[in-house]
Amino acid sequence: MRGVSFHSARWQHDYDLAGKRVAVIGTGSSAVQFVPAIQPDVAHLTVFQRTPAWVVRRHDRPVGSLSRALYRRFPMFQRLERLSLYLRREWQVVAFRNPALMTLPQRGARRNLEAQVSDPRLRAKLVPDFRFGCKRVLISDEYLRSLGKHNVTLTTDGIREITATGLIDHTGTHHQADVIIFGTGFQTSRLPLTDRTYGRDGRSLAAVWGTSPTAYLGTSVTGFPNLYLMHGPNIGLGHTSVIHMFESQANYIAGALGYARDHDLAAVEPTPAAQQAFTDDVERLGEGTVWTTGGCTSWYLNADGRNTNIWPGTTLDFRRRTQQFDPTQHLLHRRTPALEAAAS
């Protein structure tokens, strides 16, 4: 293509999209953010959709001056409001684990679609054929509405070829474009640097994991002493903020480091049995959930259909598991002259 192309994660901020014919490939959580932002400025926007997603409203609202004054004077009210928000999100994992309960939020998403898209032909293209929650639920007040604007075309006919002047779909229709923006998401099957992280047996973490990564508490890996991962396998969430999981991981890591310091240990790693038990728990908790039975193909699952990304339980349960470092679940490597020599 003679024009400009870039991935949404590497946005070319110095390139002015105003008046350009823009093609967007992808309709996931990246596109739902930038499509409404650029739609008013471009001459024409062609959005290539492979799979529609369930979209719900943001339910954002301004925090009024009265509420702000109340929070300043009585901080307990702000803490109670935060707790209420947390619990309202946390209980939703019950529906993710019992897909029949997804009927209610799915109806809400369908009503949202009907309210924002008046064209029945366009609306039909935007109705997913899988259960709510199977793929990542998108949150936006503007995305669906932007697809119905006069300068937007949504195509579901795939892409056969990229030419010098645009893209040709599988029906042979040529869509002219000056710019292509790839909103195609990210590679989640392998964490960065795993091909350069080596364990006690000399094998890399990438080689040990293959396409099915596992880790104790999603954070440490047997055979890799003193290795701690943030946002490792099965740390992602579908129902609430992942920040709670990161805080729990930090609890576990701090506990492990503190125990090693207090007991003059050279290294700490989970036992194979502990890691396998956690992996078995993930498998057990994931059985019958919307993530594994919802009828979609998602980045939550690997090529074999195994959930390698989502924690299928509550964040409260995960916080309980990570609250206290348990030395009985770990191999504790004492300092030896050989280790001291190697370290020096």
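Residues numbered from 1 in each chain as written. Predicted model: local features only at pLDDT ≥ 70, side-chain atom pairs only at ≥ 80, totals over all residues. Heavy atoms only, no water.

Trainee: I'd love a proper account of helix H9 (residues 243–262), names of residues and values included.
Mentor: The α-helix advances 3.6 residues per turn, and as a result positions three or four apart in sequence lie on the same side. With 20 residues, H9 ought to run about 28 Å at 1.5 Å a step, and its terminal C-alpha atoms sit 28 Å apart, in line with that. All buried positions along H9 are accounted for by His-244, Met-245, Ser-248, Gln-249, Tyr-252, Ile-253, Ala-256, Gly-258 and Ala-260. Those residues of H9 that are buried lie in contact with helix H3 (75–90), strand S11 (265–270), helix H12 (315–322) and strand S12 (330–334). Positive phi shows up at Asp-264, right after H9, with a value of about 55°. (Helix = DSSP H or I, 4+ residues; strand = E, 2+ residues; numbered from the N terminus. Expected span 1.5 Å × (residues − 1). Buried < 20%, exposed > 50% of the residue type's maximum accessible area, 1.4 Å probe, protein only. Contact = heavy atoms within 4.5 Å.)

Trainee: Lay out the pattern of salt bridges in plain terms, naming residues and giving numbers.
Mentor: Overall, the coordinates contain 16 salt bridges when judged by the stated rule. Note that Asp-281 and Arg-321 form a salt bridge whose closest N and O atoms lie 3.0 Å from each other. Highlighted residues: Asp-281 in helix H10 (residues 272–286) and Arg-321 in helix H12, separated in sequence by 40 residues. A salt bridge links Arg-320 to Asp-317; the shortest N-O distance between them is 2.7 Å. Of this pair, Arg-320 and Asp-317 both sit in helix H12, three residues apart, roughly one helical turn. By relative accessible area, Arg-320 is classed as exposed at 55%. For Asp-317, a relative accessible area of 17% gives the class buried. (Salt bridge = Lys/Arg side-chain N within 4 Å of Asp/Glu carboxyl O.)

Trainee: I'd love a proper account of the environment of Ala-37, names of residues and values included.
Mentor: Residue placement: Ala-37 occurs in helix H1 (residues 31–38). Given a relative accessible area of 51%, Ala-37 falls into the exposed group. With 106 residues separating them in the primary sequence, Ala-37 and Tyr-143 have C-alpha atoms 9.0 Å apart.

Trainee: Can you explain the sheet that holds strand S7 (residues 161–162)? Please cite residues and give values.
Mentor: Spatially, the three strands line up as an open sheet ordered S7-S8-S9, and their pairing is antiparallel. The open sheet has two edge strands with one neighbour each: S7 and strand S9 (174–176). Of the strand pairs in this sheet, S7 and strand S8 (residues 166–168) are connected by two bridges, and their pairing is antiparallel. Within the sheet, the bridge partner assigned to Glu-161 lies in S8 and is Ile-168. (Pairing = 2+ DSSP bridges.)

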